[in-house]
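Examining the three-dimensional arrangement
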Amino acid sequence: VPIQPGKGYTITTTRPERCPQIPMFLVEHHVAVTPMRSGFRLGGIMEFAGYNESIAPKNLELLNFACWVFFGFILLFYAYCARHFSCPASCMAGRLFPSSYGKKDGLPLLRDETEPVTYTATDDTDTVTVGTASVTFDPPVVDATASTVAADPTTDVFANGETTSTITVTVLDADGEPMVGHTVTLTAGSSVITGSPGVSNGSGVVTFTVTNTSAGLVTYTAQDTTGSPVTVGTVDVTFEAATLGSTIVLPASLAAGDTGDVVVTFTETTR
């Protein structure tokens, strides 16, 4: 029987002060939470990528994001570390970074905070500290060129206040990485918009539904309001006036060449 290797992603750490008392499954994020006597574990991602020992920062970030949404804290800052330094697993385990890396007031930083890091060079042969260097890493920002705004459908949407179009906004940085947990607004005149403001999920996606009662072209503008506002993009939706239609129903027995009276039924439907 052919066997394919699978790689599971979990984060295990010491038991935090704010910890659930029973195991949980976060349905929206497909993440399992396992509290232990002296530990805490998040898991729920299985990756089938052949014999590949690399770590995908996005998968760890999804676990962190679920923890932040439900419990108000982030376990580890693996994704940001790997993202900027392409670190191997040994580096991400903390062998190359000081214990204070990625923390402020004892808590890990969110990926939208400026992150100062001090590096210390040591000559282990003579046990001499050579010197230190400080680097401040700026967080990634939303890139309007990489981000997208799309509507479905963009036409044949009836202006009856009920027929909807779905607008999907995907917020990405310049490298095409999703901006997770960002607040996005959608605006457009007097159109009714459901879901604004919304928060981007693990793929950087926010969805809205829109309706209108006036026929015409409506331009919707998406803006990321986390930090300094950034206009992500615009999309047009054409609403059509509601009309009346007639349906002609012919008797099933009618055939070519038949003569006599034909009963025709008209049915009016509002669209």
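What you are looking at is a predicted structure, and each value in this text was computed from that prediction instead of being measured.

With that settled, consider the pairing of strand β4 (residues 39–47). Here 8 bridges tie strand β1 (residues 7–14) to β4, and the two strands are oriented antiparallel to one another. When the sheet's bridge partners are listed, Thr-10 is paired in β4 with Gly-43. Bridge count between strand β3 (residues 31–35) and β4: 4 bridges; the pairing is antiparallel. Pairing of Val-33 across the sheet is with Leu-42, part of β4. Between β3 and β4, which follow one another and run antiparallel, lie 3 residues.

Another point: the environment of Val-184. Tracing the chain through its elements places Val-184 in strand β12 (residues 183–187). Spatially, the C-alpha atoms of Val-184 and Gly-198 are 5.3 Å apart, while their sequence positions differ by 14 residues. With sequence-adjacent residues up to four places away left out, Val-184 is seen in contact with Val-169, Val-171, Ser-196, Pro-197, Gly-198, Val-206, Phe-208, Ala-222, Gln-223 and Asp-224.

This part covers the sheet that holds strand β10 (residues 157–158). Taken in spatial order, the 5 strands line up as β10-β17-β16-β12-β14 in an open sheet, and their pairing is mixed. Edge positions in the open sheet fall to β10 and β14 (198–199), since each of these has one partner strand only. As defined by bridge partners, strand β16 (residues 216–224) adjoins strand β17 (residues 230–240) across 9 bridges and the pair is classed as antiparallel. Each bridged residue has a counterpart across the sheet, and for Ala-222 the counterpart in β17 is Gly-233.

This part is about the environment of Val-169. Inspection of the secondary structure puts Val-169 in strand β11 (residues 165–170). Overall, Val-169 belongs to the buried group, its relative accessible area being 0%. Sequence separation of Val-169 and Gly-198 is 29 residues, and the distance between their C-alpha atoms is 9.8 Å. Setting aside its immediate chain neighbours within four residues, Val-169 contacts Thr-148, Val-149, Val-184, Gly-204, Val-205, Val-206, Phe-208, Ala-222 and Val-232.

The next subject is the sheet that holds β3. Taken in spatial order, the 4 strands of this open sheet run β1-β4-β3-β2, and their pairing is antiparallel. Both outer strands of the open sheet, β1 and β2 (24–26), are each paired with one neighbouring strand and no more. Geometrically, the sheet is characterised by an average inter-axis angle of 20° between neighbouring strands, direction not taken into account.

Low-pLDDT portions of the prediction should not be read for the details of their coordinates. Per-residue confidence for the chain gives a mean pLDDT of 75, with 72% of residues at or over 70. A low-confidence stretch, residues 76–112 (pLDDT under 50), is modelled with 75 contacts involving residues beyond four sequence positions or located in other chains.

Relative to the helices and strands, Asp-173 resides in the loop between β11 and β12. A distance of 2.9 Å separates the side chain of Asp-173 from the backbone nitrogen of Asp-175, its partner in a polar contact.

Side chains of Trp-68, Val-69 and Phe-70 sit close together on the surface and give an oily, nonpolar patch of about 270 Å² of accessible area. Along the polypeptide, Phe-70 turns up in helix α1 (residues 57–71). A relative accessible area of 35% places Phe-70 in the partly exposed class.

Another aspect to go through is the pairing of β17. Pairing of β10 with β17, which is carried by 2 bridges, proceeds in the parallel orientation. In the sheet register, Val-157 faces β17, and the bridge partner there is Phe-239. Between β16 and β17, which pair antiparallel in sequence order, lie 5 residues; one of them, Gly-227, sits at a positive phi of approximately 75°.

Ranked by size, the top nonpolar core spans 22 residues in total, and within it Ile-167, Val-169, Tyr-220 and Phe-239 carry the most contacts. Of all the elements in the fold, those that place two or more residues in this core are β9 (148–152), β11, β12, β15 (205–211), β16 and β17. With 4 residues, β17 is the single largest residue contributor to this core. In contact with Ile-167, not counting residues within four places along its chain, are Val-149, Ala-150, Ala-151, Leu-186, Val-206, Thr-207, Phe-208, Val-210, Tyr-220 and Val-235.

With an omega of -5°, the peptide bond running from Asp-152 to Pro-153 counts as cis. Within the fold, Pro-153 resides in the loop between β9 and β10. Looking along the chain, the bond that leaves Ser-196 and enters Pro-197 is cis, with omega of 0°. For Pro-197, the location among the structural elements is in the loop between β13 (192–194) and β14. The phi angle at Thr-127 is positive, at roughly 50°, despite the residue not being glycine. One non-glycine residue with positive phi stands out, namely Asp-156, at about 60°.

Scoring rules and cut-offs
The residue numbers shown here count from 1 along each chain, following its written sequence. Totals for whole chains, interfaces and linings use all residues, but because this is a predicted model, local features are given only for residues with pLDDT of at least 70 and pairs of side-chain atoms are given and counted only at 80 or more. Only hydrogens and water are set aside when side-chain values are computed; all heavy atoms of the structure are taken into account. At least two bridges found by DSSP between two strands is the condition for calling them paired. Strands are runs of DSSP state E lasting at least two residues, helices are runs of H or I lasting at least four, and both sets are numbered from the N terminus onward. Any two residues having at least one pair of non-hydrogen atoms within 4.5 Å are treated as being in contact. Only protein chains enter the accessibility calculation, which uses a 1.4 Å probe; a residue is then buried when its area is under 20% of its type maximum, exposed when over 50%, and partly exposed in between. Axis definition: a line fitted to C-alpha atoms, over the contacting stretch in the case of helices. Angles run 0 to 180 degrees between N-to-C directions. In predicted models, pLDDT denotes the confidence assigned by the predictor to each residue on a 0 to 100 scale. Pairing of N or O atoms within 3.5 Å defines a polar contact, subject to two protein rules: one partner must be a possible hydrogen donor and the other a possible acceptor, and residues neighboring in sequence count only if both atoms are side-chain atoms. Patch members must show over 30% relative accessible area and no salt bridge, and they are joined within 9 Å when carrying like charges or within 5 Å when they are nonpolar side chains of Val, Leu, Ile, Met, Phe, Trp or Tyr. Methods summary: accessible areas were calculated by the Shrake-Rupley approach with a probe of 1.4 Å, and residue burial reflects only the protein chains presented. The salt bridge criterion pairs a side-chain nitrogen of Lys or Arg with a carboxyl oxygen of Asp or Glu, the two atoms within 4 Å. Remark: nonpolar core denotes a set of buried residues (Ala, Val, Leu, Ile, Met, Phe, Trp, Tyr, Cys) joined through side-chain atoms within 4.5 Å.

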